[in-house]
Amino acid sequence: MRIRKAVFPVAGLGTRFLPATKASAKEILPVVDKPLVQYAVKEAIAAGAEEMVFITSHTKNSIMDHFDRDYELEATLEAKGKTELLKAVREVLPPGITCVYIRQPEAMGLGHAISCALPAVGDQDFAVILADDLIAGSFQPCLAQMQRVYQEYGTSVLAVQRVPQEETYKYGIVEVEPIGPGLSEIRGIVEKPDPDKAPSNLAVVGRYILTPRIFKILDQTKPGAGGEIQLTDAIERLMGEQTVLAYEFQGTRYDCGSKLGYLKANVEIGLQHPEIGDRFKNYLRDLTDSWGDDEDDSPKQSANG
Ligand code: G1P
């Protein structure tokens, strides 16, 4: 039993990164040298998915172009003997992986975006990856960890993580009953609750394995928080019919939908980078040392302020 299809909802406006995202998709923003969406696709492939389903909008052609072959570029790199770059370009989409693009006519929320995937997904279990939640730094990519849980239990699995109580308003929050280390059955789920109303501080992050029953439920789901059709609301109904698990994954999640999270991802993934990691570390060390010097050198405050 293996998840073969992964859905990437990439139709959002990316307003938090304007003006950078005025003419191109936020999922194309690079972390060091790869766009966010490429990390997401790589993770789906590592978990065994073969068909990538992108839910896009009219401003997202750069995503389609990124995953398309560029024969002219490849021929130029080949002619110039730039084999490493040629390899990097070809690895964007490995052989045997297909991409499907579906337009979401209106930005009506995550639940609506997922419902647009029905013609490509059909009646199979499938994965959802939100590309702006970049997860790195563990023995196995997050979706592959979830796939193991799915193989054992054969049911829907959501990736969850503890967040500070004051941040519950940013996430879907679950109420759970533990069934094993890092694994629980979801008993309740609510989208973006205020901290004093949140059932816990266990937040859903952007990785889901879902059964196709969710499509029928989404069809009947009315707009919820923020006036949008929420995937969280549909999952709440799914729980009434089927077991839905919460899995506390291993790894570090960077919220690349926020500027600070995006910068942290660039710094930490930059430090691991085989080509520039060491030099970047030295640069950061010198930079932070110079802050220390600045503090020492800073003029003393005068007595009258
Ligand atoms: C979406 C989901 C939310 C989830 C979050 C994870 O919210 O609606 O339940 O916790 O992704 O990143 P968004 O961040 O798109 O507002």
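Everything discussed here concerns the structure shown above.
On a predicted model such as this, the values are computed, not experimentally measured, just so you know.

To continue, consider the site of the ligand. Taken together, 13 residues are adjacent to the ligand, and D133, G172, E191, K192 and V204 come closest. Here G172 contributes a backbone N or O atom positioned 2.9 Å from an oxygen atom of the ligand. With respect to the ligand, the side chain of E191 contributes an N or O atom lying 2.7 Å from an oxygen atom. For the ligand, whose unbound accessible area comes to 380 Å², protein coverage reaches 76%. Among the detected pockets, the ligand sits in the largest pocket. The dominant element in the shell around the ligand, judged by the number of residues it contributes, is strand 11 (residues 202-210), at four residues.

Taken as a whole and assessed by the stated rule, the structure comprises six aromatic pairs. With centroids separated by 6.3 Å and ring planes inclined at 15°, the aromatic side chains of F280 and Y283 adopt a geometry described as stacked. Here F280 pairs with Y283, and both are found in helix 11 (residues 277-297), just three residues apart, close to one helical turn. Three or more aromatic residues joined by ring pairs form one cluster here, namely F8, F54, F67 and Y101.

Turning our eyes to something else, we now look at the pairing of strand 1 (residues 5-9). In terms of residue burial, strand 1 counts as a mostly covered element, since five of its five residues are buried. Here strand 1 shows no split at all, with K5, V7 and P9 on one side and A6 and F8 on the other all buried. One ladder, built from five bridges, connects strand 1 with strand 4 (residues 51-56); its direction is parallel. Bridging from a neighbouring strand, A6 pairs with M52 of strand 4. Across two bridges, strand 1 lies against strand 6 (residues 126-129) in parallel orientation. Following the sheet pairing, A6 is matched in strand 6 by A127.

Buried residues dominate helix 1 (residues 36-46), accounting for eight of its 11 residues. Burial in helix 1 covers these residues: L36, V37, Q38, Y39, A40, V41, E43 and A44. Looking one or two residues beyond helix 1, the residue adopting positive phi is G48, at roughly 105°.

Computed from the structure, the largest pocket encloses a volume of approximately 1100 Å³. What lines the largest pocket is a set of 39 residues, among which R16, K26, L130, D132 and K192 lie closest to the centre. Put simply, the parts of the chain that give the lining of the largest pocket at least two residues each are helix 5 (110-115), strand 11, helix 9 (231-241) and strand 13 (252-255). Top element by residues in the lining of the largest pocket is strand 11. It accounts for four residues. Considered as a void within the structure, the second largest pocket measures approximately 990 Å³ in volume. Contributing to the lining of the second largest pocket are 36 residues, with D33, K34, Q38, Y39 and K42 lying nearest its centre. When residues of the lining of the second largest pocket are traced back to their parent elements, those giving at least two are strand 3 (34-35), helix 1, helix 4 (83-90), strand 7 (133-136) and helix 10 (259-272). With seven residues, the top contributor of residues to the lining of the second largest pocket is helix 1. Residues belonging to the lining of the second largest pocket are distributed by class as follows: 18 nonpolar, eight polar and 10 charged.

The rules behind these values
- Residues numbered from 1 in each chain as written.
- Predicted model: local features only at pLDDT ≥ 70, side-chain atom pairs only at ≥ 80, totals over all residues.
- Heavy atoms only, no water.
- Near = heavy atom within 4 Å.
- Polar contact = N/O pair within 3.5 Å; in protein donor to acceptor, adjacent residues only side chain to side chain.
- Areas by Shrake-Rupley, 256 points an atom, 1.4 Å probe, with all protein chains shown as cover.
- 1 Å grid on protein atoms, 1.4 Å probe; cavity = no way out; pocket = protein on both sides within 12 Å on 5 of 7 lines; lining within 4 Å.
- Sits in = over half its atoms within 2 Å of the grid points.
- Helix = DSSP H or I, 4+ residues; strand = E, 2+ residues; numbered from the N terminus.
- Phe/Tyr/Trp six-rings, centres within 6.5 Å; stacked < 30°, edge-to-face > 60°.
- Buried < 20%, exposed > 50% of the residue type's maximum accessible area, 1.4 Å probe, protein only.
- Pairing = 2+ DSSP bridges.
- Points joined across faces, edges and corners; volume = space filled by probe spheres on them.
- Nonpolar A, V, L, I, M, F, W, Y, C, P; charged D, E, K, R; others polar.

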